[in-house]
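As a plain string of letters, each chain reads:
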2 protein chains.
Amino acid sequence: MTEYIEPLQRLADKFRKLDGIGAKTAVRLAFCVMNFSEEEVRDFADALIAAKTDINLCECCQNITTDTLCNICRSDDRDESVICVVEDPRAVIAFEKMHGYRGVYHVLHGAISPMRRIGPDQLKIKELMARIEEGGVGEVILATNSTVEGEATAMYLSRQIAPYGVKISRIANGVPVGGDLEYTDEITLKRALEGRYDMN
Amino acid sequence: MTEYIEPLQRLADKFRKLDGIGAKTAVRLAFCVMNFSEEEVRDFADALIAAKTDINLCECCQNITTDTLCNICRSDDRDESVICVVEDPRAVIAFEKMHGYRGVYHVLHGAISPMRRIGPDQLKIKELMARIEEGGVGEVILATNSTVEGEATAMYLSRQIAPYGVKISRIANGVPVGGDLEYTDEITLKRALEGRYDMN
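Cut-off values and rules
Residues numbered from 1 in each chain as written. Chains lettered and ligands numbered in written order. Predicted model: local features only at pLDDT ≥ 70, side-chain atom pairs only at ≥ 80, totals over all residues. Heavy atoms only, no water. Helix = DSSP H or I, 4+ residues; strand = E, 2+ residues; numbered from the N terminus. Rg over C-alpha atoms; globule rule 2.2 N^0.38 Å. Buried < 20%, exposed > 50% of the residue type's maximum accessible area, 1.4 Å probe, protein only. Contact = heavy atoms within 4.5 Å. Areas by Shrake-Rupley, 256 points an atom, 1.4 Å probe, with all protein chains shown as cover. Salt bridge = Lys/Arg side-chain N within 4 Å of Asp/Glu carboxyl O. Pairing = 2+ DSSP bridges. Axes fitted to C-alpha atoms, helices over the stretch in contact; angles between N-to-C directions. Buried area = accessible area lost by both parts, 1.4 Å probe. Polar contact = N/O pair within 3.5 Å; in protein donor to acceptor, adjacent residues only side chain to side chain. Least-squares fit on C-alpha atoms with pLDDT ≥ 70 in both. Phe/Tyr/Trp six-rings, centres within 6.5 Å; stacked < 30°, edge-to-face > 60°. Lys NZ or Arg CZ within 6 Å of the ring centre and 35° of its normal. Core = buried A, V, L, I, M, F, W, Y, C linked by side-chain atoms within 4.5 Å.

Draft legend 1. Quick look at the overall build of chain A. If you tally the helices and strands in chain A, you get 8 helices and 6 strands. From first element to last, N terminus to C terminus, chain A shows the α and β order α-α-α-β-β-α-β-α-β-α-β-α-β-α. For 200 residues, the compact-globule formula gives about 16 Å, and the C-alpha radius of gyration of chain A, at 22 Å, lies well above that figure. The dimensions of chain A, computed from C-alpha atoms along their principal axes, are 65 × 45 × 35 Å. Of all 200 residues assigned to chain A, the portion counted as buried reaches 42%. When contacts within chain A are restricted to residue pairs at least 6 apart in sequence, long-range pairs at least 24 apart make up 47% of them. For chain A, the computed accessible surface area is about 11,700 Å², with 51% contributed by carbon and sulfur atoms.

Draft legend 2. Quick look at the pattern of salt bridges. The tally for this structure, following the rule as stated, stands at 21 salt bridges over all chains. Notably, a salt bridge pairs A:Arg170 with A:Glu151, separated by 3.4 Å at the nearest N-O pair. With A:Arg170 in strand S6 (residues 167-170) and A:Glu151 in helix H7 (residues 148-161), this pair connects stretches of sequence that are 19 residues apart. Residue A:Arg170 is classed as partly exposed on the basis of its relative accessible area of 28%. Of the charged contacts, one joins B:Glu38 and B:Arg42 as a salt bridge, the two residues approaching to 3.2 Å between their closest N and O atoms. Residue B:Glu38 and its partner B:Arg42 are located together in helix H3 (residues 38-53), separated by 4 residues, close to a single helical turn. What makes B:Arg42 partly exposed here is its relative accessible area of 38%. Through salt bridges that share partners, A:Glu151, A:Arg170 and A:Arg191 make up one connected network.

Draft legend 3. Region of interest: the sheet that holds strand S5 (residues 139-142) of chain A. All names here are of chain A. Taking strand neighbours across the sheet as the criterion, the 4 strands line up as S4-S3-S5-S6 in an open arrangement whose pairing is parallel. Taken across any chain shown, the strands that pair with only one partner, and hence form the sheet edges, are strand S4 (103-107) and S6. On average, each strand axis in the sheet is tilted by 25° relative to the strand beside it, whichever way the strands run. Where strand S3 (residues 79-86) lies against S4, 5 bridges are found, and the strand directions are parallel. The residue bridging Ile83 from the neighbouring strand is Val104, located in S4. Against the sheet, helix H6 (residues 125-133) engages S3, S4 and S5, with an angle of about 145° to S4. Lying on the sheet, H7 is in contact with S3, S5 and S6; it crosses S6 at an angle near 170°.

Draft legend 4. Looking closely at the interface of chain B and chain A. Residue-level contacts link 49 residues of chain B with 49 residues of chain A. Note on chain B versus chain A: buried area summed over both sides is about 4,800 Å², and carbon and sulfur give 75% of it. If you sort the residues of chain B by the area they bury against chain A, B:Leu18, B:Leu48 and B:Lys52 come out on top, with a joint share of 13%. For the pair chain B and chain A, the interface holds 4 salt bridges. The salt bridge involving A:Lys14 is made with B:Asp43; its shortest N-O contact spans 3.9 Å. Applying the counting criterion to the chain B and chain A interface returns 6 residue pairs in polar contact (both at pLDDT 80 or more). Elements with a contribution of two residues or more to the side of chain B that touches chain A: helix H1 (6-16), helix H2 (23-34), H3, strand S2 (64-65) and helix H5 (89-98) of chain B.

Draft legend 5. Structural view of the relation of the copies chain B and chain A. Mapping chain B onto chain A leaves a residual RMSD of 0.1 Å; the transformation is a rotation of 180° accompanied by 0.0 Å of translation along its axis. In symmetry terms, the pair is related by a two-fold rotation axis. Of the C-alpha atoms belonging to chain B, the one lying closest to the rotation axis is found on B:Ala45, 2.2 Å away. A share of 100% of interface residues in chain B that are also interface residues in chain A marks the association as one of identical surfaces.

Draft legend 6. Highlighting the packing of aromatic side chains. All told, the structure shown has 10 aromatic pairs over all chains when counted by the stated rule. Ring geometry for A:Phe15 and B:Phe44: centres 5.3 Å apart, planes at 85°, overall edge-to-face. Of this pair, A:Phe15 sits in helix H1 (residues 6-16) while B:Phe44 sits in helix H3, each in a different chain. Ring geometry for B:Phe95 versus B:Tyr105: centroids 6.1 Å apart, planes at 55°, classification tilted. One end of the pair, B:Phe95, is in helix H5; the other, B:Tyr105, is in strand S4 (residues 103-107), and 10 residues separate them in sequence. There is no split in this pair, since B:Phe95 and B:Tyr105 are both buried. The ring of B:Phe31 is capped by A:Arg90, whose NZ or CZ atom sits 4.3 Å from the centre of that ring.

Draft legend 7. Broad picture of the nonpolar core. Counting 52 residues, the largest nonpolar core has A:Phe15, A:Leu18, A:Leu48, B:Phe15, B:Leu18 and B:Leu48 as its most contacted members. Where this core is concerned, the elements lending two or more residues are H1, helix H2 (23-34) and helix H3 (38-53) of chain A together with H1, H2 and H3 of chain B. What B:Leu18 contacts, discounting residues up to four positions off in sequence, is A:Phe15, A:Leu29, A:Cys32, A:Val33, A:Phe36 and A:Phe44. Residues A:Val92, A:Val104, A:Leu128 and A:Ala143 belong to the second largest nonpolar core, which totals 33 residues.

So, in structure tokens, the structure goes:
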């Protein structure tokens, strides 16, 4: 016998499938839904389905969009000769918040990870290579995460792109702005030192 | 302009309505749903609606149930002369996990709280009084939470029930089992001392 009545347990099981939601939180959230009005619950259910059915990937950069092309690819204002390659749509948002980048993006939707059995074929690498092959690309900025998987993916991509004679760059490692040296790990500090720049 | 595309932001807004889910977590959960299969998303949406439409309150004790009466009220095995009054269906589950209580319950669905504008009329107190008026009740155990609201509710109920000549008890305060005296707050310790029992 389950501890909770079936519809409650069933909903809690669904919440548990979400990243970072444990068994106790899942039950708490399910109880919370019970206190919503019927209209609110129907809205929630509709929003769930809409998030799945109304969102697709931009034909060009593979970022999420509700159209064929995303806002950035559609814009006349962006420099299409610079492609910033990221793992995730959230990274695009992080870059856009910076308000300083005028190039375009390419979203891989993951990183190469033998541990999780994710190879290059599961990522949107084919689509990136097609954009480069098409020509007009002057620089590819590899902005995958600074993790083992992100570095491996950057390495893999740089080898793939090299034959096209396109400039390839990787975002810098270093001490985060506002960061305290005392709390900066050794590898970051080593990279920050290696990447030091001239102040004269 | 919202930072995220509309269907994603809309779903994140729904997640945010859940207790303890902040803006960042809500977006993370919405992204998570996007990676579900369409079938999983539909199951999730159905579970949400089912949790609202298939769950109702037990006609007798007001606990949540999928039937007219809950399992406990329907059971022949329980002592109906002892009613344990709790704030929340989760408290019933906590008591049931103890495996030592053979009486029945009454769920108030909240506690009196002038701050949150919850008065006795918003709680299932009428239904409790009806059960007591019907007769056959020997003891009412007030097991509302040990919070200001819970204590106020217990106090209110004890005054309401007193005229019926029913035994009224309140669950004990004290040091939690396994608890360290060093980390026990003063009020709990005071109550534990007041409630000390004879060991001879």
